[in-house]
Amino acid sequence: MTADRDYFLEEQRLRLALTLAREAAEAGEAPVGAVIFHRGQLVGKAANQREQLQDPTAHAEIIAITQAAAALGSWRLDDCEMYVTLEPCAMCAGAIVLARLPRLVFGAFDPKAGACGSALEVINCPALNHHPVVLGGILANECGETLRDFFRAKRGRTKRVAIE
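Report on the accompanying structure.

Cut-offs applied
- Residues numbered from 1 in each chain as written.
- Predicted model: local features only at pLDDT ≥ 70, side-chain atom pairs only at ≥ 80, totals over all residues.
- Heavy atoms only, no water.
- Buried < 20%, exposed > 50% of the residue type's maximum accessible area, 1.4 Å probe, protein only.
- Helix = DSSP H or I, 4+ residues; strand = E, 2+ residues; numbered from the N terminus.
- Pairing = 2+ DSSP bridges.
- Axes fitted to C-alpha atoms, helices over the stretch in contact; angles between N-to-C directions.
- Salt bridge = Lys/Arg side-chain N within 4 Å of Asp/Glu carboxyl O.
- Polar contact = N/O pair within 3.5 Å; in protein donor to acceptor, adjacent residues only side chain to side chain.
- Parallel < 35°, antiparallel > 145°, perpendicular 65-115°, else oblique.
- Left-handed = near helix turned anticlockwise from the far one by under 90°.
- Contact = heavy atoms within 4.5 Å.
- Right-handed = clockwise from strand over helix to strand, strands pointing away.
- Phe/Tyr/Trp six-rings, centres within 6.5 Å; stacked < 30°, edge-to-face > 60°.

Time to look at the pairing of strand β1 (residues 33–38). Side-chain positions along a regular strand alternate between the two faces of the sheet. The element β1 is largely enclosed, with a buried count of six among its six residues. Burial of β1 is two-sided: the residues Gly 33, Val 35 and Phe 37 facing one way and the residues Ala 34, Ile 36 and His 38 facing the other way are all buried. Both β1 and strand β2 (residues 41–47) contribute to a ladder of six bridges, which runs antiparallel. For Phe 37, the partnering residue across the bridge sits in β2 and is Leu 42. Adjacent in sequence and paired antiparallel, β1 and β2 are bridged by two residues, among which Arg 39 carries a positive phi angle near 50 degrees.

Spelled out as structure tokens, the structure:
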């Protein structure tokens, strides 16, 4: 596959996550969406559901990982790729490492809580035994704007939210 074709595929898959994020926003959830592919097949997809479930761990990444593990019959998500609209937090980055996901692609960077190099470095922590390949910034403007619009509307102000 060429670099252009790789980027097109990454963008296409991230757009699927972005659709889920926008649906979450319409439901009053923070607009984050995640999808997981195993050898080209969709095995997990989710959006944030913290408000709906009243569960602080109901992040899109965690739910998608749970779905993918169930679909594959294994907690080891070898040969899988995750696409998520926002740089994962510490909890989600830890789950990505523990699930042995080999590749993570995300949209917007999160300088306040991102754990893939922005605020923290969980994904590539030398003490951990697994280090996924990470590609951030795909559709960053679109993903970031979706988040900024949601939080502006929710807070009823025009202050810039720190999502790059």
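The five strands lie next to each other as β2-β1-β3-β4-β5, forming an open sheet whose pairing is mixed. Of all strands in the sheet, those with a lone pairing partner are β2 and β5 (133–136), marking the two edges. Neighbouring strand axes in the sheet, compared pairwise and without regard to direction, differ in orientation by 15 degrees on average. Note that strand β4 (residues 103–108) and β5 share four bridges and pair parallel.

Moving on, we get to the pattern of salt bridges. Applying the stated criterion across every chain yields a total of nine salt bridges. Note that Arg 152 is salt-bridged to Asp 149, the shortest N-O span being 3.4 Å. A residue pair is termed a helical-turn pair when its members lie 3 or 4 positions apart in one helix, as Arg 152 and Asp 149 do in helix α5 (residues 140–155) at three residues. Each member of the salt-bridge network shares a partner with another, and the members are Glu 10, Arg 13, Glu 81 and Arg 103.

Turning our attention to the side chain of Arg 148. Residue position: Arg 148 is located in helix α5. Residue Arg 148 is classed as buried on the basis of its relative accessible area of 6%. Of note is the side chain of Arg 148, whose polar atom sits 3.0 Å from the side chain of Glu 145.

Another point: the packing of helix α3 (residues 60–72) against helix α4 (residues 90–98). Following both chains from N to C, one finds α3 and α4 inclined at 25 degrees, their axes separated by 9 Å at the closest point. With respect to α4, the axis of α3 lies roughly parallel. Two packed elements cross with a definite hand, and for α3 against α4 that hand is left-handed. Along the contact surface, α3 presents Glu 61, Ile 62 and Ile 65, while α4 presents Met 91, Cys 92, Ala 95 and Ile 96.

What follows is about the pairing of strand β3 (residues 80–86). Of all seven residues making up β3, six are buried, and the element is well covered by its neighbours. Of the pairings in the sheet, the one linking β1 to β3 comprises five bridges and is antiparallel in character. Directly across from Phe 37, in β3, lies its bridge partner Glu 81. Here β3 pairs with β4 via five bridges, running parallel. Bridge pairing in β4 links Tyr 83 to Val 105. Regarding topology, α4 serves as the crossover connection from β3 to the parallel β4, and that connection is right-handed.

Let us look at the side chain of His 59. Here His 59 lies in the loop between α2 (50–53) and α3. Looking at His 59, its side chain comes within polar contact range of the main-chain oxygen of Pro 56, at 3.5 Å. Apart from the residues within four sequence positions on either side, His 59 is in contact with Asn 48, Arg 50, Cys 89, Met 91 and Cys 92.

With that settled, the discussion passes to the packing of aromatic side chains. Inspection of the entire model under this criterion finds three aromatic pairs. Summarising the aromatic geometry, the rings of Phe 37 and Tyr 83 are spaced 6.1 Å apart at their centres and angled 85 degrees between planes, so their arrangement reads as edge-to-face. On the criterion of sequence distance, the pair formed by Phe 37 in strand β1 and Tyr 83 in strand β3 is long-range, its members being 46 residues apart. With a relative accessible area of 1%, Tyr 83 lands in the buried category. Their ring planes at 80 degrees and their centres at 5.0 Å tell us that Phe 106 and Phe 109 sit as a pair that is edge-to-face. Of the residues examined, Phe 109 reaches a relative accessible area of 32% and is grouped as partly exposed.

Don't take any of this as a statement about function, it's just geometry.
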